[in-house]
Amino acid sequence: MMARRDLGDLIEVSRRYGSDARYVLVGGGNTSVKEGDDLYVKASGFALGTITEQGFVRMSLSKLNLIWDKGYPVDKKMREQQVLADMMAARCEGETARPSVEALLHGLIPFAFVVHLHPAIVNGITCAQSGEAAVRELFPEALWIPLVNPGYILAKIVRDASLGYEKKHGYWPQMIFLQNHGVFVAAKDVQGIEALYDRIMERAGSHVMRKPVFLEAKADETRMGLVKDGLSRYYPAGTTLLPLFNRELQTRLQNAEAFHPISSSFTPDHIVYSGFAPVWIGEEVFAAEDPREAVAAACRAFEMVNGVVPKIVAVQKTCVFATSENALNLYLDTIKVAAFAESFGGPRFMDDDQIDFIRTWEVESYRSKLAK
Ligand SMILES: [Zn+2]
């Protein structure tokens, strides 16, 4: 039987980090606690900040870890489907929720508490050109995992790397940095988790040379009005259009080159909530005969090419519009990560094939659906 105190501790720590925007946004991140053969892991679609007991799925660790003795097809789609089916089958009786896609990873870490988050400042390192070198220097005791497909492959690579680490050091790593994703922290109790996160935030923070400048800046109201009218011709009636502008964006929106560091996706969360890429609209639209129509046409062209409606619209020397609060918050995070990454060799987006993997991944589309 799970000691209720442990689950209580897990809920408390999940809510605390989950409601602190420095650590994680919207539905991102996940946590777990184990005791005996029980694993309580966050269910898909719950946000850490408001989580209750219902937000956790009870699983059998011994059943879950059977996955490591099985072979799976090479075909990505078939493999993920079969792993998902085995994960569902590893739930304890009466459980109906779907475990987090990272449940397999939680299950293999031999510490009672595991708290996985996506702090912007940490992603300033994991999404940087010299991210690996920075982790080795700042956190020599940590494990670095290069960019791989999430789900089964990620868990397998972490497992192999951790076993190698254990052979070398005699114990398991308690901090695992995932390129273009975030960090896993493991400890025997909540105090251990907090101590590690404090250390991570302090070390990362003290090595960041430039923070994003979110001071107010004056936007061109006339242009903003034209863009908003143009967007309302493109998006279905009732679509939220939230404007975003500040000193940092003022610099980024100068031209396509300055915009480049915030023109794609850093992590899976960014793809899920703010779309794989924003649509960039050059200022030549304002010289068009009908600027509103030119704005709408740019969005239609983006949709034609990419097969999705843009969630973020960035207009040169004007402002950004987001189509939801979540899209806006994750795009602000993109802007932060890009600025932090400058201190670690400059930003590095996910590879195109990794972006495609997330875009077509059934599990992530399930998350997107729930997030709506
Ligand atoms: Zn994650």
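Note that the structure is a prediction, hence the values are computed from the model and not measured. (Residues numbered from 1 in each chain as written. Predicted model: local features only at pLDDT ≥ 70, side-chain atom pairs only at ≥ 80, totals over all residues.)

Q: I keep staring at the sheet that holds strand E2 (residues 38-42) and nothing clicks. Help me out?
A: Hydrogen bonding along the main chain pairs the strands of a sheet, whether they run parallel or antiparallel. With respect to topology, 7 strands assemble into an open sheet ordered E3-E2-E1-E4-E7-E6-E5, the strand pairing being mixed. Each edge of the open sheet carries a strand with a single partner, namely strand E3 (56-60) and strand E5 (143-145). Taking the axes of each pair of neighbouring strands and ignoring which way they run, one obtains an average angle of 15° across the sheet. Here strand E1 (residues 30-35) runs beside E2; their pairing, made up of 4 bridges, is antiparallel. Within the sheet, the bridge partner assigned to lysine 34 lies in E2 and is leucine 39. (Pairing = 2+ DSSP bridges. Helix = DSSP H or I, 4+ residues; strand = E, 2+ residues; numbered from the N terminus. Axes fitted to C-alpha atoms, helices over the stretch in contact; angles between N-to-C directions.)

Q: Explanation requested: the packing of helix H9 (residues 221-234) against helix H13 (residues 291-306) in the structure shown.
A: Packed helices, taken two at a time, are described by the angle their axes make and the gap between the axes. Here H9 crosses H13 at 50°, and the two axes come no closer than 7 Å. Considering the angle they form, H9 stands oblique to H13. Both H9 and H13 take part in a crossing whose hand is right-handed. Counting all contacts with H9, which are made through Leu226, Val227, Asp229, Gly230, Leu231, Arg233 and Tyr234, the residues of H13 involved are Pro291, Arg292, Glu293, Val295, Ala296, Cys299 and Arg300. (Parallel < 35°, antiparallel > 145°, perpendicular 65-115°, else oblique. Left-handed = near helix turned anticlockwise from the far one by under 90°. Contact = placed C-beta atoms within 7 Å.)

Q: Hey, could you run me through helix H8 (residues 190-206) in this one?
A: Helical geometry: 3.6 residues make up each α-helical turn, so side chains three or four residues apart lie on a common side. For H8, spanning 17 residues, the distance from its first C-alpha to its last is 24 Å, which sits close to the expected 24 Å at 1.5 Å a residue. Three or more residues of H8 are buried, namely Ile193, Leu196, Tyr197, Ile200 and Ala204. Along the axis of H8, the buried positions cluster into a sector of 100°, meaning they face one direction only. Opposite the buried face of H8, by more than 90 degrees, sit the exposed residues Gln191, Asp198, Glu202 and Ser206. (Expected span 1.5 Å × (residues − 1). Buried ≥ 20, exposed ≤ 12 C-beta atoms within 10 Å, placed from the backbone. Arc of directions from axis to C-beta.)

Q: What is the right way to read the pairing of strand E7 (residues 182-187) from this model?
A: If a strand is regular, its side chains alternate between the two faces of the sheet. Among the 6 residues that make up E7, 5 are buried, leaving the element largely enclosed by the rest of the structure. Relative to E7, strand E4 (residues 113-117) runs antiparallel, the two sharing 5 bridges. The residue of E7 that forms the bridge with histidine 116 is phenylalanine 184. Looking at chain direction, strand E6 (residues 175-178) and E7 are connected through 4 bridges and run antiparallel. Of the residues in E7, the one forming a bridge with methionine 175 is valine 185. Between E6 and E7, which pair antiparallel and follow one another directly, the connecting turn spans 3 residues, one of which, asparagine 180, has a positive phi of 50°.

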